[in-house]
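Next come the chains, spelled out residue by residue.
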Amino acid sequence: MSETLDLTLKVWRQPGSDAPGRYVEYKLTGISTHMSFLEMLDVLNEQLIAKGEEMIAFDHDCREGICGMCSLMINGQAHGPDTGTTTCQLHMRRFKNRDTIVVEPWRAKAFPVIRDLVVDRSAFDRIIEKGGFISVNTGSAPEANAIPVPAHIQETAMDAAACIGCGACVAACKNASAMLFVSAKVSHLSTLPQGQPERASRAQNMVAQMDLEGFGNCTNTEECQAACPAEISVSNIARLNREYLRAKLCSYE
Amino acid sequence: MAETATTVFNSRVPEGPMAEKWDRCKQEMKLVNPANKRKKKIIVVGTGLAGASAAASLAELGYQVESFCFQDSPRRAHSIAAQGGINAAKNYPNDGDSVWRLFYDTVKGGDFRSREANVHRLAQVSNNIIDQCAAQGVPFARDYGGSLANRSFGGAQVSRTFYARGQTGQQLLLGAYSALMRQVSTGRVKLFPRREMLDLVVVDGVARGIIVRNLITGEFEKYSADCVLLCTGGYGNAFYLSTNAKGSNVTAAWRCHKRGAFFANPCYTQIHPTCIPVSGDYQSKLTLMSESLRNDGRVWVPESQSDERRGNQIPDTERDYYLERRYPAFGNLVPRDVASRAAKERCDAGYGVGPSKQAVFLDFRDAIARDGRHAIEAKYGNLFHMYAKITGEDPYQVPMRIYPAVHYTMGGLWVDYHLQSTIPGLFVLGEANFSDHGANRLGASALMQGLADGYFVAPYTTGHFLASHSLPAVSTDDDAFKEAMANAQDRNAKILGIQGTRSSDSIHRELGHILWDYCGMSRERQGLETAMGKIRDLRDEFWSSIKVLGQGEQLNQNLEHAGRLADFLEFGELMVRDALVREESCGGHFREEHQTKENEALRDDENFCHVAAWEFKGVGNEPVEHREHLEFVEVPLATRSYK
């Protein structure tokens, strides 16, 4: 059954990266519970345009939970209250009539705010650039079945490779650590046979870049795992620590 | 009616037997020596499967590449949302597959409206793609022995689809993205995220650069190069509601069209049969449920009209498994266009289910009983999860409700065998071109085409272009750059200056309704003529009453959307015109006037076995239609039958 909600929104508005920001309160009425959270923001933006106010800027693209572009702190939780769910897949049936909802951007030193709810996550790309790949030029690949990969190894790699790079792990972490993100890529590639040749340099170089970007350290609070819409496990962080230690102690590189 | 030019196209398809054409082409192509490659600059617009793979491969060869995307990171391009899989002719299951059979299925699936030689090449390189991706660490599904697993997809009787759970597009794109980022670290690729291409710069008849808007600062920027690769995806968002990402748009392709690139077959739109139905007026996009679900799910509607019971309460004797009934040979695995029209037919006849009555059931009851819940969960877990999140219903307990939605566009900029458009130096890859899927794309073929173009075709053909042209140096201070930049700036300034009353969203929704109602799953003359007038009126309304707030010199999503919408309003008219002129039914283009007694699409090979390539003649002016005749030598023209 479709019901409707009346809501109060407190949204972070910030005109630019250097300008001060503040919360602005908006009232919304008659919001269908079948709407997604972003559709609710669309409705609000339409009302703002009608009133002659600039719309709230927020990042979004695929709206089906896979591109990793949407990024909101909703009532202090990255991607809102549902587990394993991106903001775009969060639906208003999760909220109650007359709720007050606080909406903020990701907050982390390494993710500066660009405008309103939009942040700069290019630090993630720079980390991948340092080693989040297997060096194989186009055309030089062997026959795909030449290297068998046991099904359980492939499953472990796939679990880690499912990371959508949204940055919720960083936003949820009190230290703004990017360990879950980095560990997911290191795990994905270091568990597969194809990823072995660069295993040591990958772990070291990606961690070095992570530190350079100003992400914090991991203190095993596991908030990242709780917030992750792709349900990436913190066991990847343990694996990253092992990979890093192994690289430092045993590598010839 | 529009003027038809009798231009004979040089599609540059090599002579010789089909199976040898691509090898012959590669042998005859000129090469750029390694020292000279370093001096050549190539612009790649878009970072989806086609764009990322092309940029990475070209940089590996030594070219200087500049890569642009409107998203905040190249990893977010919409290829990432592809679920089901990627086809290849590996024949690992030993079920009789071959390059020829993949080629045959794709030509037939496209309802004989694609270019045979391009499709054959696609099938040939399909196996290299799987090798390349496996080597990059793409975690394709595997059997217990560690070898790669396959599943079946619509339009084929063999299992040739490789997959990574329900996230194949994500994994393939992350593979291409990782190859791209590796080249960024070598310095051979420069990344320009959050840039939107707003014009193509043509110097002496050759594509030599682009104008982009920096979406953060709002500044316009000029970039020059020796050639430009356009990998900017399809135009499905003209319909407003589609399975495309919200940002997907036709702007880059359309602006190239306005600079002289012909637009081919814009009326070919794929309406995907398995999407979550529309739930309300606020709906911002539609979500696809992978076609792979039709492997195990059975599609049905109640036998009696307006049956109000829940799906799981309707007994077998009162169900109509209409795909199995109408198409016993392919059953639930008929191609997408056939499955979509069959769903529409049942709903139009009053057998639809759910609150809107615009839905049919996709039921896993029998598959769960046969294989167990665990097996179904392993195959489709994330899709079931997504369905439950969006609808609030548990698909393990009650059948899913699905309805067709706009998903993919087979039309695109016209390209020759080298993927070069009618503007020399402008190459078009992936969904943005028209060449490989004819009038209907088979499932798991889009990923194949994007990567084939990017990894294995464009790196050769662009090299040949660069080796065979001695291009003078151009500076971004040249007049052509200034003119293009002023053109793009003026357009934005004009949009900002109107300060009318209507939001871009409201006009876009209206355009979507017009296209869906008159140029959607079925089309007829009168409706198309009505649509043409309505689109022109709506375009006028846009230019007199659009309301965009904020400034141009800032992050302004309102302005971005309005700019894209302005192009959709011009493009939409061409789509309708193309549908009007094509007086036949083929693949995704179904003209009600042209159907068999059993309501199947009726092609007219005598008069329409051609590509319609449109030449721009100014907004509001009639475009000129050029025709490339299609010859079917290897796969003789035949009526598609999936019965």
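All figures in this text were calculated on a predicted structure; none of them were measured in a lab.

## Topic: the overall build of chain A
For step 1, the next point in the chain: When you go through chain A residue by residue, the secondary structure sums to eight helices and seven strands.
For step 2, the next point in the chain: By principal-axis analysis of the C-alpha atoms, chain A measures approximately 65 × 40 × 35 Å.
For step 3, the next point in the chain: Counting all 253 residues of chain A, 55% fall into the buried class.

## Quick word on helix H4 (residues 99-109) of chain B
All names here are of chain B.
For step 1, the next point in the chain: Extensive coverage of H4 is indicated by the burial of eight of its 11 residues.
For step 2, the next point in the chain: Taken together, the buried positions of H4 are occupied by Val99, Leu102, Phe103, Asp105, Thr106, Val107, Lys108 and Gly109.
For step 3, the next point in the chain: On its buried face, H4 sits against strand S4 (86-87) and helix H5 (116-136).

## Some words on the interface of chain B and chain A
For step 1, the next point in the chain: Listed as interface residues are 63 residues of chain B and, on the opposing side, 65 residues of chain A.
For step 2, the next point in the chain: Looking at the side of chain B that touches chain A, the elements with two or more residues in it are helix H3 (49-61), H5, helix H6 (168-186), helix H11 (373-391), helix H12 (446-468) and helix H16 (557-581) of chain B.
For step 3, the next point in the chain: Grouping the amino acids of the side of chain B that touches chain A by side-chain chemistry returns 24 nonpolar, 25 polar and 14 charged.

## Remarks on the domain arrangement of chain A
For interface size, the figure often reported is the accessible area lost on association.
All names here are of chain A.
For step 1, the next point in the chain: Domain assignment breaks chain A into domain 1 (4-115) and domain 2 (122-250).
For step 2, the next point in the chain: Using C-alpha coordinates to define each centre, domain 1 is positioned 29 Å away from domain 2.
For step 3, the next point in the chain: Contacts between domain 1 and domain 2 engage 17 residues on the former and 16 residues on the latter.
For step 4, the next point in the chain: Per-class residue counts for the side of domain 1 that touches domain 2 are seven nonpolar, eight polar and two charged.

## Quick word on the nonpolar core
For step 1, the next point in the chain: If you look at the biggest cluster of nonpolar residues, it comprises 284 residues, and the most contacted ones within it are Leu229, Leu230 and Leu413 of chain B.
For step 2, the next point in the chain: The biggest single contributor to this core is H16 of chain B, with 12 residues.

## Remarks on the sheet that holds strand S5 (residues 100-104) of chain A
Hydrogen bonding along the main chain pairs the strands of a sheet, whether they run parallel or antiparallel.
For step 1, the next point in the chain: Pairing in this open sheet of five strands is mixed, and the strands run S2-S1-S5-S3-S4 (chain A) from one edge to the other. At either end of the open sheet lies a strand with only one pairing partner, and these are strand S2 (22-32) and strand S4 (77-78) of chain A.

## What to know about the domain arrangement of chain B
Residues and elements named next belong to chain B.
For step 1, the next point in the chain: When cut into domains, chain B gives domain 1 (273-406) and domain 2 (479-606).
For step 2, the next point in the chain: With centres defined by C-alpha atoms, the gap from domain 1 to domain 2 works out at 30 Å.
For step 3, the next point in the chain: Domain 1 puts six residues into the contact, and the matching count from domain 2 is five residues.
For step 4, the next point in the chain: Looking at the side of domain 1 that touches domain 2, the element that brings in the most residues is helix H9 (residues 336-348), giving five residues.

## Digging into the sheet that holds strand S12 (residues 269-275) of chain B
All names here are of chain B.
For step 1, the next point in the chain: With antiparallel pairing, the five strands of this open sheet are ordered in space as S12-S16-S15-S13-S14. Two strands lie at the open edges of the sheet, namely S12 and strand S14 (319-320), each paired on one side alone.
For step 2, the next point in the chain: One ladder, built from five bridges, connects S12 with strand S16 (residues 400-409); its direction is antiparallel. Directly across from Thr269, in S16, lies its bridge partner Thr409.
For step 3, the next point in the chain: This element, H9, spans S12, strand S13 (298-302), strand S15 (360-363) and S16 of the sheet and lies at about 65 degrees to S12.

What counts and what doesn't
Residues numbered from 1 in each chain as written. Chains lettered and ligands numbered in written order. Predicted model: local features only at pLDDT ≥ 70, side-chain atom pairs only at ≥ 80, totals over all residues. Helix = DSSP H or I, 4+ residues; strand = E, 2+ residues; numbered from the N terminus. Buried ≥ 20, exposed ≤ 12 C-beta atoms within 10 Å, placed from the backbone. Contact = placed C-beta atoms within 7 Å. Nonpolar A, V, L, I, M, F, W, Y, C, P; charged D, E, K, R; others polar. Domains from an automatic or database assignment. Core = buried A, V, L, I, M, F, W, Y, C linked by C-beta atoms within 7 Å. Pairing = 2+ DSSP bridges. Axes fitted to C-alpha atoms, helices over the stretch in contact; angles between N-to-C directions.

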